[in-house]
Amino acid sequence: MTATSPMTATLIDGKAFAASLRTRIGTAVTAMKAQGITPSLTVVLVGEDPASEVYVRSKGRMTREVGMNSFEHRLPADTPQADLLALIDRLNGDPAVNGILVQLPLPSHMDEAAVINAIDPAKDVDGFHILNVGRLATGQKAMVPCTPLGCLMLLRDQLGSLAGKNALVIGRSNIVGKPMAQLLLRDSATVTMAHSRTSNLQDLCRQADIVVAAVGRPHFVQGDWIKLGAVVIDVGINRTDDGLVGDVDFDGAAKFAGAITPVPGGVGPMTIACLLANTLTATARANGLPDPEGLTP
Ligand code: NDP
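Residues numbered from 1 in each chain as written. Predicted model: local features only at pLDDT ≥ 70, side-chain atom pairs only at ≥ 80, totals over all residues. Heavy atoms only, no water.

**A closer look at the sheet that holds strand β4 (residues 99-102)**
- In spatial order, the strands read β3-β2-β4; together these three strands make up an open sheet with parallel pairing. Unpaired on one side and paired on the other, β3 (69-75) and β4 mark the two borders of the sheet. Averaged over all pairs of adjacent strands, the angle between their axes in this sheet comes to 15°, without regard to strand direction.
- Summarising the sheet, strand β2 (residues 40-46) and β4 pair through four bridges and their orientation is parallel. What sits directly across from L41, in β4, is G99.
- Across the sheet, helix α3 (residues 81-93) lies against β2, β3 and β4, angled at about 180° from β2, the strand it touches most. (Pairing = 2+ DSSP bridges. Helix = DSSP H or I, 4+ residues; strand = E, 2+ residues; numbered from the N terminus. Axes fitted to C-alpha atoms, helices over the stretch in contact; angles between N-to-C directions. Contact = heavy atoms within 4.5 Å.)

**Topic: a nonpolar patch on the surface**
- Taken together, Y55, I237 and L244 make up a surface patch of nonpolar side chains, about 250 Å² in accessible area.
- Note that L244 resides in strand β10 (residues 243-245). (Patch = residues over 30% accessible without salt bridge, like charges linked within 9 Å, V, L, I, M, F, W, Y side chains within 5 Å. Areas by Shrake-Rupley, 256 points an atom, 1.4 Å probe, with all protein chains shown as cover. Salt bridge = Lys/Arg side-chain N within 4 Å of Asp/Glu carboxyl O.)

**Considering unusual backbone geometry**
- Residue L104 is joined to P105 through a cis peptide bond whose omega torsion reads 0°.
- Topologically, P105 is positioned in the loop between β4 and α4 (112-116).
- Across the junction of V263 and P264, the peptide omega takes the value -5°, indicating a cis bond.
- Mapped onto the elements, P264 comes out in the loop between β11 (259-260) and α10 (267-286).
- Of note, S188 is a non-glycine position whose phi angle comes to about 65°, a positive value.
- Mapped onto the elements, S188 comes out in the loop between α7 (177-186) and β6 (190-194).

**What to know about the domain arrangement of the protein chain**
- What the domain assignment reports for the protein chain is domain 1 (36-143) and domain 2 (145-269).
- One C-alpha centre belongs to domain 1, the other to domain 2; they are set 27 Å apart.
- The partner domain 2 presents eight residues to the ten residues of domain 1 that form the contact.
- In this assembly, domain 1 packs against domain 2 so that about 710 Å² is buried in total across both faces, 63% of it on carbon and sulfur atoms.
- Remark: the boundary between domain 1 and domain 2 carries zero salt bridges.
- Linking domain 1 to domain 2 there are zero residue pairs in polar contact (both at pLDDT 80 or more). (Domains from an automatic or database assignment. Buried area = accessible area lost by both parts, 1.4 Å probe. Polar contact = N/O pair within 3.5 Å; in protein donor to acceptor, adjacent residues only side chain to side chain.)

**Quick look at the site of the ligand**
- Of all residues adjacent to the ligand, which total 21 residues, the nearest are R172, S173, S196, I237 and T271.
- Here R172 contributes a side-chain N or O atom positioned 2.8 Å from an oxygen atom of the ligand.
- Contacts to the ligand include I237, whose backbone N or O atom sits 3.1 Å from an oxygen atom.
- When the ligand sits alone it has 930 Å² of accessible area, and the protein chains cover 71% of it.
- Most atoms of the ligand, that is more than half of them, are within 2 Å of grid points of the largest pocket.
- A breakdown of the residues in the shell around the ligand according to their chemical character gives nine nonpolar, ten polar and two charged. (Near = heavy atom within 4 Å. 1 Å grid on protein atoms, 1.4 Å probe; cavity = no way out; pocket = protein on both sides within 12 Å on 5 of 7 lines; lining within 4 Å. Sits in = over half its atoms within 2 Å of the grid points. Nonpolar A, V, L, I, M, F, W, Y, C, P; charged D, E, K, R; others polar.)

In structure tokens form, the structure reads like this:
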């Protein structure tokens, strides 16, 4: 096949993958409960951001669906930071709480890093605590951010080994781009990170066997930037007049990619499934049990 003869990509069904992941997690939760351990996730929401409300509701529902305990703390937008830190301190000390997630963004009077770093790293199921960031970067056992963990699972499912693959991560945020690059590096991919100051993005993209787009711009990555047969993971969630769209021009890219995630129905459902996976992992570790199989990198 030549570069001018387009192919049709396999659709990576993140929704189905996430559903089967949740089924496996549910089975593991049942086994833990038989040993007298009920995993639990506590979500803290400060203020009334409508998007955050939606996320918190679906996190709670899915947590309960897999048989875990779901706790929520809702604080008004003008809550002093000291009060939030005091709540986190209480949750850190509560043995019935296995995972703590503070929904971001926080109101502007709060110092996000200070709040995240107040969470016990062992309960930091978002994997944003500075200790977990450092552990991931140095190859130690960490709690790994949910969205990149979900992307890694989809990539491994498509490709098996990622060793020696040229992987391009577009975006260098702390929650997606940077941890994604760390995970790919850990799997021995050859990783390139691109961002808004990258000058030769199209050329880099044309050499990539794996493209992870986490930019936040609708249809930013063009179809003809994609190497024939590449695996394309679209993290972007952009609300447009045409509904939710990703960072990749899906129709164009699907002609060149070997496999590609849709938006919606690709990476999005994996994020909450991986949050549940992390909660299960945190619970296992807190109880001296081995890490659940296939849920950690
Ligand atoms: P950020 O805004 O924090 O980061 C965006 C990154 O894209 C930055 O590193 C920025 O570069 C880079 N960028 C911006 N413009 C360009 C450009 N022209 N060329 C190359 N790089 C560029 O976003 P997030 O990482 O938080 O999120 C990215 C997307 O993923 C969003 O659409 C978000 O909604 C979505 N998302 C989806 C999740 C899911 O569950 N599916 C979870 C989290 C996020 P620079 O650093 O130089 O500014």
